[in-house]
Amino acid sequence: MTADLLIGPVLRRVTGDRATIWLETTGPTVVRVEAEGGGAGSAPTFTAYGHHYALVVVDNLRPGAASAYTVALDDRVVWPRPDSAYPRR
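Residues numbered from 1 in each chain as written. Predicted model: local features only at pLDDT ≥ 70, side-chain atom pairs only at ≥ 80, totals over all residues. Heavy atoms only, no water.

Glancing now at the pattern of salt bridges. Any two side chains of opposite charge can pair if their charged atoms end up close together. In the structure shown here, the tally under the stated rule is 3 salt bridges. Residue R81 is joined to D4 by a salt bridge in which the shortest nitrogen-to-oxygen separation is 4.0 Å. Placement of the pair is R81 in the segment after β8 (76–79) and D4 in the segment before β1 (5–15), with a sequence separation of 77 residues. (Salt bridge = Lys/Arg side-chain N within 4 Å of Asp/Glu carboxyl O. Helix = DSSP H or I, 4+ residues; strand = E, 2+ residues; numbered from the N terminus.)

Dropping the structure here:
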């Protein structure tokens with residue numbers, strides 16, 4: 001079974017050229033976040049009370065700039081969804 005995105009992504013913190021993204025998945029997986037302009041980070045999910053979460057620190061962002069980004073679970077892009085009405089930022 002391949003994990004899917006359940007809740008998120010949620011931008012939790014931005015400091016300098018780093019941002020922390022939080023999300024919940026349906027199962028264990030490795031989460032990768034890639035931002036336009038070269039910023040990226042990855043982390044495995046952790047489990048708490050039967051739920052699977054990830055906190056991904058994205059490094060090398062452009063300070064002061066808004067960057068569109070994608071979220072992949074085990075190298076499969078799950079956000080933004082192709083049919084989403086929401087922008088990538």
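We are not done yet, so read on.
Pairing is antiparallel in the open sheet, where 4 strands are placed in the order β4-β3-β7-β8. Every interior strand has two partners, whereas the edge strands, β4 (40–44) and β8, have only one. Between one strand axis and the next, the sheet turns through 30 degrees on average, direction left out of account. Pairing between strand β3 (residues 30–35) and β4: 5 bridges, direction antiparallel. Its bridge partner being in β4, R32 is matched across the sheet by S42. (Pairing = 2+ DSSP bridges. Axes fitted to C-alpha atoms, helices over the stretch in contact; angles between N-to-C directions.)

Counting residues in hydrophobic clusters, the biggest one holds 17 residues, and the most contacted among them are L23, V31, V33, V56, V58, Y69 and V71. When residues of this core are traced back to their parent elements, those giving at least two are β2 (18–25), β3, β6 (51–58), β7 (69–73) and β8. (Core = buried A, V, L, I, M, F, W, Y, C linked by side-chain atoms within 4.5 Å. Buried < 20%, exposed > 50% of the residue type's maximum accessible area, 1.4 Å probe, protein only.)

Turning our eyes to something else, we now look at the pairing of β1. If a strand is regular, its side chains alternate between the two faces of the sheet. Bridge count for β1 against β2 is 7 bridges, and the pairing is antiparallel. Within β2, the position partnered with T15 by the bridge is R18. Two successive antiparallel strands, β1 and β2, enclose a turn made up of 2 residues, where G16 displays a positive phi of approximately 60 degrees.

Glycine aside, residues mostly have negative phi, and peptide bonds are mostly found in the trans state. At the junction of G8 and P9, the peptide bond is cis and its omega measures out at 5 degrees in the coordinates. Relative to the elements of secondary structure, P9 occurs in strand β1. Look at the link from W79 to P80: it is a cis peptide, with omega at 0 degrees. As for its placement among the helices and strands, P80 is situated in the segment after β8. The backbone phi angle of N60 is positive, close to 65 degrees, even though this residue is not glycine. For N60, a relative accessible area of 54% translates into the label exposed. Here the phi dihedral of D74 falls at roughly 50 degrees; this positive angle occurs in a residue that is not glycine. When you line up the elements, D74 lands in the loop between β7 and β8. Its relative accessible area of 44% is what places D74 among the partly exposed residues.

Function cannot be inferred from these measures alone, as they are strictly geometric.
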